Amino acid sequence: MKEKVALLARLLKESNRTVFFSGAGISTESGVPDFRSPGGIWDRFDPDEMTFQRFVSEVKCRRSYWELFRICWKEFDGVLPNPAHKAIAELEKLGKLEGVITQNVDGLHQAAGSSPDRVFELHGTMWEIRCLQCGRDMPWKEAHEKLERGEEIENCPGCGGLYKPATIAFGQSLPLETLRQAQELSVHCELFVSVGSSLVVYPAARLPEVAAKSGGKLVIINMEKTPLDDLAHLIIRGRAGEVMSEVMREMGLW
Ligand code: APR
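Along each chain, numbering runs from 1 in the same order as the chain's sequence is written. Restriction of local features to residues with pLDDT of at least 70 applies here, the model being predicted, together with a cutoff of 80 or more for giving and counting side-chain atom pairs; totals for whole chains, interfaces and linings are based on all residues. Excluding hydrogens and water, the side-chain figures rest on all heavy atoms present in the structure.

Observations concerning the domain arrangement of the chain
For interface size, the figure often reported is the accessible area lost on association.
Now for step 1: Source of the domain bounds: an automatic or database domain assignment. According to the domain assignment, the chain contains domain 1 (1-32 + 81-123 + 173-254) and domain 2 (34-78 + 131-167).
Now for step 2: Of note, the centres of domain 1 and domain 2, computed from C-alpha atoms alone, are 28 Å apart.
Now for step 3: In this analysis, two residues are considered to be in contact whenever any of their non-hydrogen atoms come within 4.5 Å of each other. Listed as interface residues are nine residues of domain 1 and, on the opposing side, six residues of domain 2.
Now for step 4: For the domain 1 and domain 2 pair, buried surface summed over both sides reaches about 590 Å², with 70% attributable to carbon and sulfur atoms.
Now for step 5: Think of a salt bridge as a Lys or Arg side-chain nitrogen and an Asp or Glu carboxyl oxygen that are within 4 Å of each other. Taken together, the connections running from domain 1 to domain 2 amount to zero salt bridges.
Now for step 6: Contacts described as polar in this section are N or O atom pairs within 3.5 Å, which, within protein, must combine one atom able to donate a hydrogen with one able to accept it, while residues neighboring in sequence count only if both atoms come from side chains. Between the two partners, domain 1 and domain 2, sit zero residue pairs in polar contact (both at pLDDT 80 or more). A 1.4 Å probe defines the accessible area here, and the buried area is the portion of it lost by two parts on being joined, summed over both.

Shown next, in the form of structure tokens:
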């Protein structure tokens, strides 16, 4: 592990255009479960019920979706960024990275100090709720309190449209401008570091592929194998917080 940490530290020092890419595994050390590890979100909820199409067309599935968020808001409100998020924020402050493309909706990169305009949230955010028709906001705490009281989330008072948390559900289009910017960064980067993602969900998982096929060096930090391991210049099997702390120490920054 030590020589791999030293290699990543050298790659980070040498690269002039570095992009980080994160998945739910970067937040598990903050107490936020990931999706596909044992005990993860998809062990507790059925992903087939959580598609965009079923959210808009089936009351039962919409109720399940809100129940998932009632639990997530309760469990994740107040969780803190861990050393992996903090390392990425510090590397940005030192001018060592272009930004972080994240699949996560927990907001922990911004909480760790990453500039909001350098965090590309491909799957939206769990901390906002919007009407699908007119875009009107509802504060997440207002919705959470209703759900805790066993009440239903009513439709938008302005247009009658459905409110939905501002995350991207399966089958829902990703935010186009965010995706365009993330693709741009991936094509032009020299170093692309994926942290804590199983790299099985598209189009997000296409970005590490694009980076590697455009000549960038792909580094994958993950507890398990991923389908893109063969494209990686370097694979570090380890816990994100521990690996990134060792990298920062190796770079003389911590
Ligand atoms: N350090 C490193 N890797 C970790 C850690 C950790 N502390 N904890 C978990 N992992 C790894 C797991 O082994 C797994 O391979 O992180 C990966 C997390 O994978 P997923 O749970 O599939 O999460 P993610 O890749 O972000 O999923 C992508 O799928 O369900 C959708 O929209 C959801 O954004 C999510 C997308």
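From this point, the narrative continues.
What about the site of the ligand?
Now for step 1: Nearness is defined per residue: one heavy atom within 4 Å of the molecule or strand is enough. As a matter of local geometry, the ligand sits amid 23 residues, with E29, F35, R36, S197 and S198 nearest to it.
Now for step 2: The contact in question runs from a nitrogen atom of the ligand to an N or O atom on the backbone of G25, over 3.4 Å.
Now for step 3: Between the ligand and the protein, one listed contact pairs an oxygen atom with a side-chain N or O atom of R36 at 2.7 Å.
Now for step 4: Ten residues, namely Ala, Val, Leu, Ile, Met, Phe, Trp, Tyr, Cys and Pro, are considered nonpolar, four, namely Asp, Glu, Lys and Arg, are considered charged, and the remaining ones, Gly among them, are considered polar. A class-by-class count of the residues in the shell around the ligand yields seven nonpolar, 11 polar and five charged.
Now for step 5: Among the domains, domain 1 (1-32 + 81-123 + 173-254) and domain 2 (34-78 + 131-167) are the pair contributing at least three residues each to the shell around the ligand.

A closer look at the packing of aromatic side chains
Now for step 1: For this analysis, a ring pair means two rings from Phe, Tyr or Trp (six-membered ring only for Trp) whose centres lie within 6.5 Å, classed as stacked if their planes differ by under 30 degrees, edge-to-face if by over 60, and tilted for the remaining angles. In total, this model carries 10 aromatic pairs according to the counting rule given.
Now for step 2: Taking the centre distance of 5.0 Å and the plane angle of 70° together, the rings of F55 and Y65 count as edge-to-face. Here Y65 lies in helix α4 (residues 59-76) and F55 lies in helix α3 (residues 52-57), a separation of 10 residues in the sequence. The pair formed by F55 and Y65 is uniform in burial state, with each residue classed as buried.
Now for step 3: Their ring planes at 55° and their centres at 6.4 Å tell us that F55 and W66 sit as a pair that is tilted. Of this pair, F55 sits in helix α3 while W66 sits in helix α4; the two residues are 11 residues apart in sequence, bridging distant segments of the chain. Of the two residues, F55 and W66, both sit in the buried class.
Now for step 4: Here, a charge over a ring means that NZ of Lys or CZ of Arg falls within 6 Å of the ring centre while also lying within 35 degrees of the ring normal. One cation-aromatic arrangement involves K164 over F55; the distance from NZ or CZ to the ring centre is 6.0 Å. Only DSSP runs of H or I covering at least 4 residues are called helices, and only runs of E covering at least 2 are called strands; the numbering of each starts at the N terminus. For every residue, the accessible area (1.4 Å probe, protein chains only) is compared with the maximum for its type, and the residue is labelled buried under 20%, exposed over 50%, or partly exposed between those bounds.

A few points about the environment of L162
Now for step 1: On the secondary structure map, L162 appears in the loop between α7 (140-148) and β6 (163-167).
Now for step 2: Remark: the alpha-carbon pair of L162 and L132, spanning 30 residues in sequence, is separated by 5.7 Å.
Now for step 3: In contact with L162, not counting residues within four places along its chain, are F55, V56, R62, R130, C131, L132 and N155.

Some thoughts on the pairing of strand β7 (residues 191-195)
Now for step 1: Counting buried residues in β7 gives five out of five residues, a clear majority hidden from the surface.
Now for step 2: Where burial is concerned, the two faces of β7 agree: the one with L191, V193 and V195 and the one with F192 and S194 are both buried.
Now for step 3: Relative to β7, strand β1 (residues 18-22) runs parallel, the two sharing five bridges. Counted as the bridge partner of F20 is V193 from β7.
Now for step 4: Here β7 runs beside strand β8 (residues 217-221); their pairing, made up of five bridges, is parallel. For V193, the partnering residue across the bridge sits in β8 and is V219.
Now for step 5: The definition of a right-handed crossover adopted here requires that, viewed with the strands pointing away, the path from the first strand over the helix to the second runs clockwise. For the crossover from β7 across helix α9 (residues 206-213) to β8, the handedness is right-handed. Should DSSP find at least two bridges between two strands, the strands are regarded as paired.

Quick notes on the side chain of T102
Now for step 1: Inspection of the secondary structure assignment puts T102 in strand β2 (residues 99-102).
Now for step 2: Apart from residues no more than four positions distant in its own chain, T102 is found in contact with S22, H109, V119, F120, E121, L122 and H123.

Focus on the packing of helix α5 (residues 83-93) against helix α10 (residues 240-250)
Now for step 1: Where α5 meets α10, the axes come as close as 7 Å, and the angle between the chain directions of the two elements is 40°. The pairing of α5 with α10 is recorded here as oblique in orientation. Along the contact surface, α5 presents P83, A84, A87, E90 and L91, while α10 presents A240, G241, M244, S245 and M248.
Now for step 2: Among the residues making up the contact of α5 with α10, the classes are represented as seven nonpolar, two polar and one charged. What counts as an axis is a line fitted to C-alpha atoms, over the stretch in contact for a helix, and the angles between N-to-C directions run from 0 to 180 degrees. Roughly parallel refers to an angle under 35 degrees, roughly antiparallel to one over 145, roughly perpendicular to one between 65 and 115, and oblique to any angle outside these ranges.

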